[in-house]
Amino acid sequence: MTDAMRESKRGDERLSIVRSQSSSAEQEESVIHGVSTYEEDAAGGMGRHLGVFSCTMLIVGRIIGTGIFSTPSSILSSVNSVGASLMLWVLGFVLSFCGLFVWLEFGTMFPRSGGEKVYLEAVYKKPKFLATIIFAVNAILLGFTASGCIVFANNILIAAGHAADRWVVRGIALGVIFFVTILHGLIPRFGVILMNALSLFKIVILLFIVITGWLVLSGKTHIQNPHANFHNAFAGSSHSSNDYATATFKVLNAYAGWSNVNYVLNDVKDPVRTLKIAGPLGLGICAVLYLLANVAYFAAATKDEIKKSGVTVASLFFGKVFGTEAEKALSVFVALSALGNVITVTYAASRVNQELAKEGVPLPFGNKFWASNWPTGKSPLPGLIIHLIPSVIIILGPPPAVAYPFILDVEGYPQQIINLFIVCGLFWLRWRKPNVHRPFTVWRPLALFFLAAAIFLIIAPFLHPANKVGDTPPLPYYLYCLVGIAIMLFGVLYWAVWRVILPQFFGYELVPRKEVLEDGTVVNVFSRRKVE
């Protein structure tokens, strides 16, 4: 018997063992969900090792990153009033909770890694793999963490008293993303410990900012008239829908991460129970801290100072309250928070990339390598590399000053389109499969509100902004929408070439089969069969 035949036999034996572990109920679920059973999805890697605490920290660490420290100035610039800015942070909190409850219903129905990939596949089954490929293109091309790396670099340079030279910023940012890739790829358990520690550290930082803000408002610091921004708080508010939509994208990006556990449910102990606890707890902690931190910022600095602060608004806050040395110290804290965010985002993104490869999404050099847990057998380094490549490109691409706000907008727009299809799919699935077991059910008005917001956020960015140029000059204000749509249309084209055009042109059909890799991961592999 040849080595190839022996390896094939071993793979068949491993697949048989994995399949035998699935109950009939799980087999029925796989008919609803996708091509893999529940146990096959969870096979390989470190197994189920994340509990309630780690999952809560996974959400907190993903949400608290660069947004609350860096984007309040951009949001204020868009809507031009303190009152409108604070209202948008409240709106972002409400929308995020509505979205969380929708994702809780899906996540408890289908407790598997992948997030939106899983839910789109459960609803939009035809044309086959179209939803998977569109999501895959969006997740891979826009799944980078370049903005967090850039914020880390800027704040470290401020702390060191060094000029933020473009190539110095890029060099530091590249070091961050390579460090995080190696961390999760080669020493994954330590990566989880560091991720949890930095998430706790972020909570402490925000608590310190909030308490400092209370002291400023009490009049016990040298800040003159700390209540000035709260008198006539809505004066000068923008009347442009575009301005509010663009600012809302930034707020939602700052809250982004409430669905982070949904992406890694194969790693979670008792995933249904854990998700129902960690989701609301993690988002609730962040929402309260976010709103109070914004109040602190507005108490310590004027509107014009905040607008001009750019991506260092938190450093401005500490500089105003405690002086230059404290500003440098906070810059270190913000940099560590950004690092924690990059670590958390990368952890979840690599699992999503692995799930896409396991599904059979066509990737260079075949999908088996990208689906594997090479080289440790515990963590998907190939999935981390998929995440690394676009991050490096974005870091080396446009100037950071222009790139940061544009990246936030581009990331936000396609996600709203996906959100629209997800919430529509929720109603469709309730209608078509009303008897499917749902451990959690979202209140219908919340889902409808989330749907209405998604529609508004898709349409409004095309309306003329009040300042005629948007917030990313010299780029056209509508460019980020077009880029987002183009990326999703590229997904349709990619699917058409893979599933329709090439098979018809060369006369073959794609036949799926399951293989089990050495680390236990079950992969869907397509072979070509000639059509007579």
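As a further point, take the overall build of the protein. Looking only at helices and strands, the protein has 22 helices and 2 strands in total. For 532 residues, the compact-globule estimate of 2.2 N^0.38 gives 24 Å, and the protein sits close to it at 24 Å. Summarising its shape, the C-alpha atoms of the protein cover approximately 85 × 45 × 45 Å along the three principal directions. Looking at the protein as a whole, 58% of its 532 residues are labelled buried. If you take every contact in the protein between residues at least 6 apart in sequence, the share linking residues at least 24 apart comes to 79%. The average position of the 42 basic charges and that of the 31 acidic charges among the side chains of the protein differ by 3 Å.

With that out of the way, let us pick up the pattern of salt bridges. Tallied over the entire structure, the rule returns 10 salt bridges. The salt bridge partner of Glu105 is Arg430, with a shortest N-O separation of 2.6 Å. Of this pair, Glu105 sits in helix α7 (residues 82–109) while Arg430 is found in helix α20 (residues 400–432), placing the two residues 325 residues apart along the sequence. Across the pair, exposure class does not vary: Glu105 and Arg430 are buried alike. For Glu305, the salt bridge is made with Lys320, and the minimal N-O distance between the two is 3.1 Å. With Glu305 in helix α15 (residues 303–308) and Lys320 in helix α16 (residues 313–322), the pair connects residues that are 15 residues apart, well separated along the chain. Taking relative accessible area as the criterion, Glu305 reaches 29% and is therefore assigned partly exposed.

Of the pairings in the sheet, the one linking strand β1 (residues 508–516) to strand β2 (residues 522–530) comprises 9 bridges and is antiparallel in character. Each residue of the ladder has a partner; that of Val516, found in β2, is Val522. In textbook terms, the turn of a hairpin is the stretch between consecutive antiparallel strands, and for β1 and β2 this stretch comprises 5 residues, one of which, Gly520, has a positive phi near 95 degrees.

Attention now moves to empty space enclosed by the protein. The probe, sized like a water molecule, is rolled over the atoms to show the empty space still left. The final tally for this structure, using the stated rule, is 3 cavities of 30 Å³ or more. Approximately 940 Å³ is the volume attributed to the largest cavity. Looking at the largest cavity, it is lined by 46 residues, and the ones nearest its centre are Arg62, Asn253, Ala256, Tyr263 and Gln415. Within the residue set of the lining of the largest cavity, elements represented by two or more residues are α4 (52–63), α7, α9 (130–141), α10 (146–160), α13 (241–255), α17 (324–359), α20 and α21 (444–459).

Our focus in this paragraph is the packing of α7 against helix α8 (residues 116–123). It is the contact of α7 with α8, at a shortest axis distance of 10 Å, that shows an interaxial angle of 75 degrees. Considered as vectors, α7 and α8 are oriented roughly perpendicular to each other. Along its contact with α7, which presents Trp103, Phe106 and Gly107, the element α8 presents Glu116, Tyr119 and Val123. When its residues are assigned to classes, the contact of α7 with α8 shows 4 nonpolar, 1 polar and 1 charged.

Inspection of every chain in the model, using the stated rule, returns 26 aromatic pairs. With a centroid separation of 5.5 Å and an interplanar angle of 35 degrees, the aromatic rings of Phe208 and Phe318 are classed as tilted. One end of the pair, Phe208, is in helix α12 (residues 188–217); the other, Phe318, is in helix α16, and 110 residues separate them in sequence. Look at Phe208 and you get partly exposed, because its relative accessible area is 43%.

Direction vectors running N to C along helix α11 (residues 166–186) and α12 enclose 120 degrees, while the axes themselves pass 5 Å from each other. In terms of their interaxial angle, α11 and α12 are classed as oblique. Every residue of α12 that contacts α11 at Leu183, His184 and Leu186 is listed here: Pro188, Phe190, Gly191, Leu194 and Met195. Partitioned by chemical class, the residues of the contact of α11 with α12 number 6 nonpolar, 2 polar and no charged.

Next up on the list: a nonpolar patch on the surface. Where nonpolar side chains cluster on the molecular surface, the patch consists of Leu141, Phe490, Leu493, Tyr494, Val497, Ile501, Leu502, Phe505 and Phe506 and spans about 820 Å² of accessible area. Per element, the largest residue contribution to the nonpolar patch is 8 residues, and it comes from helix α22 (residues 479–506). Tracing the chain through its elements places Phe505 in helix α22. Exposure remark for Phe505: the relative accessible area of 66% places this residue in the exposed category.

By size, the foremost hydrophobic cluster in this structure holds 146 residues, and its most contacted members are Ile68, Phe69, Val102, Phe106, Leu206, Ile209 and Tyr290. One finds Leu76, Phe298, Val313 and Leu316 within the second-largest nonpolar core, a separate group that totals 8 residues.

Cut-offs applied
- Residues numbered from 1 in each chain as written.
- Predicted model: local features only at pLDDT ≥ 70, side-chain atom pairs only at ≥ 80, totals over all residues.
- Heavy atoms only, no water.
- Helix = DSSP H or I, 4+ residues; strand = E, 2+ residues; numbered from the N terminus.
- Rg over C-alpha atoms; globule rule 2.2 N^0.38 Å.
- Buried < 20%, exposed > 50% of the residue type's maximum accessible area, 1.4 Å probe, protein only.
- Contact = heavy atoms within 4.5 Å.
- Lys, Arg positive; Asp, Glu negative; His and termini not counted.
- Charge placed at Lys NZ, Arg CZ, Asp CG, Glu CD.
- Salt bridge = Lys/Arg side-chain N within 4 Å of Asp/Glu carboxyl O.
- Pairing = 2+ DSSP bridges.
- 1 Å grid on protein atoms, 1.4 Å probe; cavity = no way out; pocket = protein on both sides within 12 Å on 5 of 7 lines; lining within 4 Å.
- Points joined across faces, edges and corners; volume = space filled by probe spheres on them.
- Axes fitted to C-alpha atoms, helices over the stretch in contact; angles between N-to-C directions.
- Parallel < 35°, antiparallel > 145°, perpendicular 65-115°, else oblique.
- Nonpolar A, V, L, I, M, F, W, Y, C, P; charged D, E, K, R; others polar.
- Phe/Tyr/Trp six-rings, centres within 6.5 Å; stacked < 30°, edge-to-face > 60°.
- Patch = residues over 30% accessible without salt bridge, like charges linked within 9 Å, V, L, I, M, F, W, Y side chains within 5 Å.
- Areas by Shrake-Rupley, 256 points an atom, 1.4 Å probe, with all protein chains shown as cover.
- Core = buried A, V, L, I, M, F, W, Y, C linked by side-chain atoms within 4.5 Å.

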